[in-house]
Amino acid sequence: IEYMRVLIPLLKDIQKKDREIVIAPPFTALSKVSELLKSHNVYLSSQNVHWETEGAYTAEISPLMLTELNVSYTIVGHSEPRKYFSESDEQINKRARCAQKYGLIPILCVGESFDQREKGEAERVIRRQVEQGLEDNDPERLIIAYEQIWAIGTGRTCESEEANRICGLIRKWVG
């Protein structure tokens with residue numbers, strides 16, 4: 001909350017017509033951050049969404065719960081669920097489809113592991129993630145974010161030329 005109180009004034013002069021600013025706080029802060037953003041030019045995103053709107057899914061959050069909090073975006077396919085919880089492309093696609101069905105814009109994260117990169121499989125893995133993520137989704141209402149799994153918390157960084165190359169491939173694949 002303190003972070004938002006410092007951040008919001010810094011963003012006041014940025015016009016929505018130029019760009020959209022999206023912040024994705026932890027679930028426990030969504031309600032309070034939603035209140036803080038009501039009269040500002042910053043959009044709210046959740047860090048995940050479930051593919052069911054109701055039922056006994058402990059620790060999951062439905063798109064209906066998110067829309068009640070004025071959430072506009074939701075992250076799906078982030079590197080941690082892919083890596084630590086073995087979340088499949090099929091599950092990620094279900095999350096994105098359900099999000100779109102209820103008016104949320106999914107931010108589809110795609111990226112390869114270090115082992116996949118070393119084996120020369122990065123492009124194949126990322127293309128599969130993009131294709132499966134887009135299946136039965138409206139690409140006009142979805143953002144694709146390239147996020148290298150191998151660079152998260154490792155101290156390694158992806159050179160800008162390589163990140164731009166991969167982003168160019170993604171644009172080409174999506175059309």
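Further up the page is the structure itself.
A brief structural summary.

**Some thoughts on the pattern of salt bridges**
Right, so step 1: Under the criterion given, the structure shown has 11 salt bridges.
Right, so step 2: Between arginine 82 and aspartate 89 there is a salt bridge, with its nearest N and O atoms 2.8 Å apart. Residues arginine 82 and aspartate 89 agree in their burial class; the two are buried.
Right, so step 3: For glutamate 123, the salt bridge goes to arginine 165, with nearest N and O atoms at 2.6 Å. Here arginine 165 lies in helix H8 (residues 160-174) and glutamate 123 lies in helix H7 (residues 122-134), a separation of 42 residues in the sequence.
Right, so step 4: Counted as one network, the salt bridges with shared partners bring together Glu112, Arg117, Glu123, Glu162 and Arg165.

**Things to note about the side chain of glutamine 100**
Right, so step 1: Inspection of the secondary structure puts glutamine 100 in helix H5 (residues 89-101).
Right, so step 2: Take glutamine 100: its relative accessible area is 7%, and that puts it in the buried class.

**Description of unusual backbone geometry**
Most peptide bonds adopt trans geometry, and most residues besides glycine take a negative phi value.
Right, so step 1: Notably, serine 86 is not glycine yet its phi reads approximately 50 degrees, a positive angle.
Right, so step 2: Checked against the element boundaries, serine 86 lands in the loop between helix H4 (79-84) and H5.

**Brief notes about the nonpolar core**
Right, so step 1: By size, the foremost hydrophobic cluster in this structure holds 37 residues, and its most contacted members are Met4, Leu37, Ile126 and Ile170.
Right, so step 2: Elements represented by at least two residues in this core include exactly helix H1 (2-11), strand S1 (21-23), helix H2 (30-37), strand S2 (42-46), H5, strand S4 (105-110), H7 and H8.
Right, so step 3: The contacts of methionine 4, once residues within four sequence positions are left out, are Pro9, Ile23, Val33, Leu36 and Leu37.

**Structural notes on the packing of aromatic side chains**
Right, so step 1: For the structure shown, the criterion picks out one aromatic pair.
Right, so step 2: Ring centres of tyrosine 43 and tyrosine 73 lie 5.9 Å apart, and the angle between their planes is 75 degrees; this geometry places the pair in the edge-to-face category. Of this pair, tyrosine 43 sits in strand S2 while tyrosine 73 is found in strand S3 (residues 73-76), placing the two residues 30 residues apart along the sequence.
Right, so step 3: A relative accessible area of 22% means that tyrosine 43 is categorised as partly exposed.
Right, so step 4: In this structure tyrosine 73 comes out as buried when scored by relative accessible area, which is 4%.
Right, so step 5: Positioned above the aromatic ring of phenylalanine 114, the side-chain terminus of arginine 156 is 4.0 Å from the ring centre.

**So, the packing of H7 against H8**
Between two packed helices, the angle of one axis relative to the other and the distance separating the axes together describe the packing.
Right, so step 1: Close contact between H7 and H8 brings their axes to 11 Å; oriented N to C, the two are set at 40 degrees. Relative to H8, the element H7 lies oblique. For the element pair H7 and H8, the recorded crossing hand is right-handed. Here H7 contributes Glu123, Ile126, Arg127, Val130 and Leu134 to the contact with H8, which in turn contributes Arg165, Ile166, Leu169, Ile170, Trp173 and Val174.
Right, so step 2: Looking at the contact of H7 with H8 residue by residue, the class counts come to eight nonpolar, no polar and three charged.

**Topic: the sheet that holds S3**
Right, so step 1: Pairing within the open sheet is parallel, and its five strands lie in the order S1-S2-S3-S4-S5. The open sheet is flanked by S1 and strand S5 (143-146), the only strands paired with a single partner. Between one strand and the next, the sheet's axes are offset by a mean angle of 30 degrees, whatever the strand orientation.
Right, so step 2: In this fold H2 packs onto S1 and S2, with an angle of close to 165 degrees to the strand it touches most, S2.
Right, so step 3: Contacts from H8 reach S4 and S5, with the element oriented near 150 degrees to S5.

**Some remarks on the environment of cysteine 98**
Right, so step 1: Mapping cysteine 98 onto the fold places it in helix H5.
Right, so step 2: For the pair formed by cysteine 98 and asparagine 137, sequence separation is 39 residues and the distance between their alpha carbons is 9.3 Å.
Right, so step 3: Leave out the neighbours within four places in its chain, and cysteine 98 touches His50, Trp51, Glu52, Thr53 and Pro63.

The rules behind each value
- Every chain is numbered independently, its residues counted from 1 as its sequence is written.
- The predicted origin of the model limits local features to residues at a pLDDT of at least 70 and limits the giving and counting of side-chain atom pairs to 80 or more, whereas totals for whole chains, interfaces and linings rest on all residues.
- Computation of side-chain values: all heavy atoms of the structure, hydrogens and water removed.
- Criterion for a salt bridge: a side-chain nitrogen of Lys or Arg within 4 Å of a carboxyl oxygen of Asp or Glu.
- Only protein chains enter the calculation, and the probe is 1.4 Å; a residue is then buried if its accessible area is under 20% of its type maximum, exposed if over 50%, and partly exposed in between.
- Each helix corresponds to a stretch of at least 4 residues labelled H or I by DSSP, and each strand to a stretch of at least 2 residues labelled E; elements are numbered beginning at the N terminus.
- By convention a nonpolar core is built from buried Ala, Val, Leu, Ile, Met, Phe, Trp, Tyr and Cys residues, the set being connected through side-chain atoms within 4.5 Å.
- In this description, contact between two residues means that some pair of their heavy atoms is separated by no more than 4.5 Å.
- Only centres within 6.5 Å qualify two rings of Phe, Tyr or Trp (six-membered ring in Trp) as a pair; their planes then separate them into stacked at under 30 degrees, edge-to-face at over 60, and tilted for everything else.
- Placement of a positive charge over a ring is assigned whenever Lys NZ or Arg CZ falls within 6 Å of the ring centre and within 35 degrees of the normal to the ring plane.
- The convention used is that axes are lines fitted to C-alpha atoms, helices contributing only their stretch in contact, and that angles between N-to-C directions extend from 0 to 180 degrees.
- Angles below 35 degrees are treated as roughly parallel, those above 145 as roughly antiparallel, those between 65 and 115 as roughly perpendicular, and all remaining angles as oblique.
- For any pair of crossing helices, the crossing counts as left-handed if the nearer helix is rotated counterclockwise from the farther one by less than a right angle, and right-handed if it is rotated clockwise.
- Amino acids are sorted into nonpolar (Ala, Val, Leu, Ile, Met, Phe, Trp, Tyr, Cys and Pro), charged (Asp, Glu, Lys and Arg) and polar (every other residue, Gly among them).
- A strand pair is defined by DSSP finding two or more bridges across the two strands.

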